[in-house]
2 protein chains.
Amino acid sequence: MEKKTNVLLYGLGAIGSFYAFIMARAKPVRLSVVARSNYDAVKKNGVKITSMNHGTHHFAPFQVLKTPAEAGEKFDFVVLANKAIDVTSVPERIAPVVEEGKTTIVLIQNGVGNEDPFRKAYPNNVILSCVTWVGAVQHSPGVVEHKASEHTHIGIFPGPQVDAALEKAKLKEFTDIWQEGGTPFTIQDNIQIQRWEKVVWNVAWNALTTLTMLDTHSWLSSSDRSTPMTKTLMQEVISVGRAAGVPLEDSLTDSLIERILAMPTIGSSMQVDCKRGRVMEVDIILGTPVRKGKELGIPTPTLDVLYTLLLAVNSRMQ
Amino acid sequence: MEKKTNVLLYGLGAIGSFYAFIMARAKPVRLSVVARSNYDAVKKNGVKITSMNHGTHHFAPFQVLKTPAEAGEKFDFVVLANKAIDVTSVPERIAPVVEEGKTTIVLIQNGVGNEDPFRKAYPNNVILSCVTWVGAVQHSPGVVEHKASEHTHIGIFPGPQVDAALEKAKLKEFTDIWQEGGTPFTIQDNIQIQRWEKVVWNVAWNALTTLTMLDTHSWLSSSDRSTPMTKTLMQEVISVGRAAGVPLEDSLTDSLIERILAMPTIGSSMQVDCKRGRVMEVDIILGTPVRKGKELGIPTPTLDVLYTLLLAVNSRMQ
């Protein structure tokens, strides 16, 4: 009998649930999940997912845990799909399930620089980094709706102390799971380009829809200043990314605006968090490029204002 | 029998009601008011005002009107305490009650540049310009609470075609009414200094409390970025005002922060409007310094962002 790949998914929100669904139906996987707010519901009833692409499914992970430590074992893959709020404490929290040099850590989160605390804590482990364009929402604990949007970029976060051949092998092993699970993905040589592109996207739509409580299209047509301001904001983030060594094109501002206008109008995950009074991913999405810009001497006046306002809005949630 | 001074007050919101109260109890005044949303209530029951400084009073104006035209007569003073939303149409709307060269127009509104459309429409009339530090709120139609804050700056908006002696005489005649009504005021040689100072104040507290839905003190302590950002914003407005020829001190940023911290924490009129889904004074408060800055070549990056966001929030109200 084939030994199953032992996977732990940490963070069972809407996006985490989507990837849990994909991995749970890949036959060579034994999937455990760490859930927080929806622990009771998922433990009892599993996850129900309705997807425009995949139909309606119900699945129960092999085990549902409250903490990684509870698992009492090491895993082949630890996949992090948690909200990027308290990014520095997670490497420590997953320590009980990470075997040095063996366990592969996979990040599926918004933001840039998310890999750094994991690299620091696990210098000898393979780290894979993903950018998700999956749209999903959790309507009630364990009940998730996946919208049509579905694509993932994945690549290696190279470790100076890690064998490059091992990194490649782990990337293949992991993407084989997604292949089996049936979700489209693209392997990227430099995943940081996609991470930064997603940050440019996230900075703009999250910040602007949250501070105005408008959806994307209404924001863009709210005055003749809104589109130019959106481009200025995106350009600031692009300039920071480029100064940080990531080759980003200036034309990205136009293509991201075209892209949003070609989609049905949307709010954003930050807007949803704000409406529900939940802590928002302000620091990872806006704070990182602000700090990086300051470090590299790139002025970010528009981003700075939005970041400061959102820190203040976030202070209402704490 | 002494002939009474014939005064029309246009705009019977919280601030308008306060000044109506002051003028209604000045014995030599016959006060008419133009009311809109609270017309029925005030017509029937008059205005009830509760004031920490003046006690509780009830008064009925000589007449309550829906429009200036309805008065069918000219006035000695037309006092504008309306919300500065549709500033360009008001000069025309008061035309039926303004006698050329005779009627004095008194502006009690937020913003800078408010006098210009009136000067253009009435080149031969005296214009007085006021800056109010009165705090008041209308709890229900015709029911107003005046907080302890009470002071008004008043000065002449000099007209090139108007006799300076007449301007002085009208200023005296009008402030005699306030004297009689019992509210403190200061006559200013250059009222534009106070108007700009109030705009610096209003830009900051209105914009920041509205976009964050925090009160002033919570905003200032929300992160270590909020106070510096507030000062940057204030400094931008100060620079524009100074370029426009109004002698403003840089130290104003510090004194306005000290002033707000010495007060009980407050929201702002714009925040109240936003919560109630009402159109906000975005254009007069933020738009004027933005346009003036652009015209004079003074960069206002922080103000620009807040203005654009608030235009978007305002678009929800229309």
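The model shown is predicted, which means the values in this text are computed figures rather than measured ones.

1. Brief notes about the overall build of chain A
- What chain A contains, in helices and strands, is 12 helices and 12 strands.
- The C-alpha radius of gyration of chain A comes to 19 Å, within 12% of the 20 Å expected for a compact globule of 318 residues.
- With the C-alpha coordinates aligned to their principal axes, the bounding extent of chain A is approximately 65 × 40 × 35 Å.
- If you take every contact in chain A between residues at least 6 apart in sequence, the share linking residues at least 24 apart comes to 72%.
- Surface accessibility of chain A: about 13,100 Å² in total, with carbon and sulfur atoms responsible for 53%.

2. Some remarks on the relation of the copies chain A and chain B
- At an RMSD of 0.1 Å, chain A and chain B line up after a rotation of 179 degrees and a shift of 0.0 Å along the axis. Both copies are brought into coincidence by an operation consistent with a two-fold rotation axis.
- By residue overlap, the copies meet face to face through one surface: 100% of the interface positions of chain A are interface positions in chain B.

3. So, the packing of helix α1 (residues 14–24) of chain A against helix α5 (residues 164–181) of chain A
Residue and element names in this part refer to chain A.
- Look at α1 against α5: their axes get within 7 Å of each other, and the N-to-C directions meet at 85 degrees. In terms of orientation, α1 lies roughly perpendicular with respect to α5. Packed against α1, whose contacting residues are Tyr19, Ile22 and Met23, the element α5 presents Phe174, Ile177, Trp178 and Gly181 at the interface.
- A breakdown of the residues in the contact of α1 with α5 according to their chemical character gives six nonpolar, one polar and no charged.

4. Let's talk about helix α9 (residues 252–262) of chain A
Residue and element names in this part refer to chain A.
- Of all the residues in α9, the buried ones are Leu252, Thr253, Leu256, Ile257 and Ile260. The arc enclosing the buried residues of α9, seen along the axis, measures out at 135 degrees, which places them on a common side. Residues of α9 that are exposed and angled more than 90 degrees away from the buried face: Glu258 and Ala262.
- Those residues of α9 that are buried lie in contact with α6 (191–212), α7 (216–220) and α8 (226–243).

5. Side note on the pattern of salt bridges
Residues and elements named next belong to chain A.
- The final tally for this structure, using the stated rule, is 28 salt bridges over all chains.
- Among the ionic pairs, Asp176 bridges to Lys172, the shortest N-O distance being 2.8 Å. Placement of both Asp176 and Lys172 in helix α5 is noted, with a separation of four residues, approximately one turn of the helix.
- The exposure class of Asp176 is partly exposed, given its relative accessible area of 36%.
- Residue Asp283 is joined to Arg291 by a salt bridge in which the shortest nitrogen-to-oxygen separation is 2.9 Å.
- A cluster of three or more residues bridged by salt bridges with shared partners is formed by Lys83, Asp273 and Arg278.

6. Here's the deal with the environment of Ile177 of chain B
All names here are of chain B.
- Mapped onto the elements, Ile177 comes out in helix α5 (residues 164–181).
- Residue Ile177 is classed as buried on the basis of its relative accessible area of 3%.
- Note: C-alpha distance between Ile177 and Gln271 (94 residues apart in sequence) is 32 Å.
- If we skip the residues at most four places from it in the chain, Ile177 touches Thr5, Val7, Met23, Ala26 and Val29.

7. Focus: the sheet that holds strand β1 (residues 5–10) of chain B
Residues and elements named next belong to chain B.
- Read from one edge of the open sheet, eight strands run β5-β2-β1-β6-β7-β8-β11-β12, paired in mixed fashion. Each edge of the open sheet is held by one strand with a lone partner, namely β5 (63–65) and β12 (185–187). When strand polarity is set aside, the average angle formed by the axes of neighbouring strands in this sheet is 20 degrees.
- With six bridges connecting them, β1 and strand β2 (residues 29–34) associate as parallel partners. Residue pairing across strands places Tyr10 opposite Val34, the latter belonging to β2.
- Contacting β1, β2, β6 (77–80), β7 (104–108), β8 (127–132) and β11 (152–156), helix α1 (residues 14–24) runs over the sheet at an angle of about 160 degrees to β2.
- Taken strand by strand, helix α6 (residues 191–212) contacts β7, β8 and β11, and its axis lies near 40 degrees from that of β8.

8. Brief notes about the domain arrangement of chain A
Residue and element names in this part refer to chain A.
- Its domain assignment divides chain A into domain 1 (5–189) and domain 2 (192–315).
- Distance between the C-alpha centres of domain 1 and domain 2: 25 Å.
- With 20 residues of domain 1 in contact, the opposing surface of domain 2 contributes 18 residues.
- On the domain 1 side of the contact with domain 2, Asn110, Val112 and Trp133 bury the most area, a combined 40% of that side's loss.
- Joining domain 1 to domain 2, the criterion identifies two salt bridges.

Definitions and limits used
Residues numbered from 1 in each chain as written. Chains lettered and ligands numbered in written order. Predicted model: local features only at pLDDT ≥ 70, side-chain atom pairs only at ≥ 80, totals over all residues. Heavy atoms only, no water. Helix = DSSP H or I, 4+ residues; strand = E, 2+ residues; numbered from the N terminus. Rg over C-alpha atoms; globule rule 2.2 N^0.38 Å. Contact = heavy atoms within 4.5 Å. Areas by Shrake-Rupley, 256 points an atom, 1.4 Å probe, with all protein chains shown as cover. Least-squares fit on C-alpha atoms with pLDDT ≥ 70 in both. Axes fitted to C-alpha atoms, helices over the stretch in contact; angles between N-to-C directions. Parallel < 35°, antiparallel > 145°, perpendicular 65-115°, else oblique. Nonpolar A, V, L, I, M, F, W, Y, C, P; charged D, E, K, R; others polar. Buried < 20%, exposed > 50% of the residue type's maximum accessible area, 1.4 Å probe, protein only. Arc of directions from axis to C-beta. Salt bridge = Lys/Arg side-chain N within 4 Å of Asp/Glu carboxyl O. Pairing = 2+ DSSP bridges. Domains from an automatic or database assignment. Buried area = accessible area lost by both parts, 1.4 Å probe.

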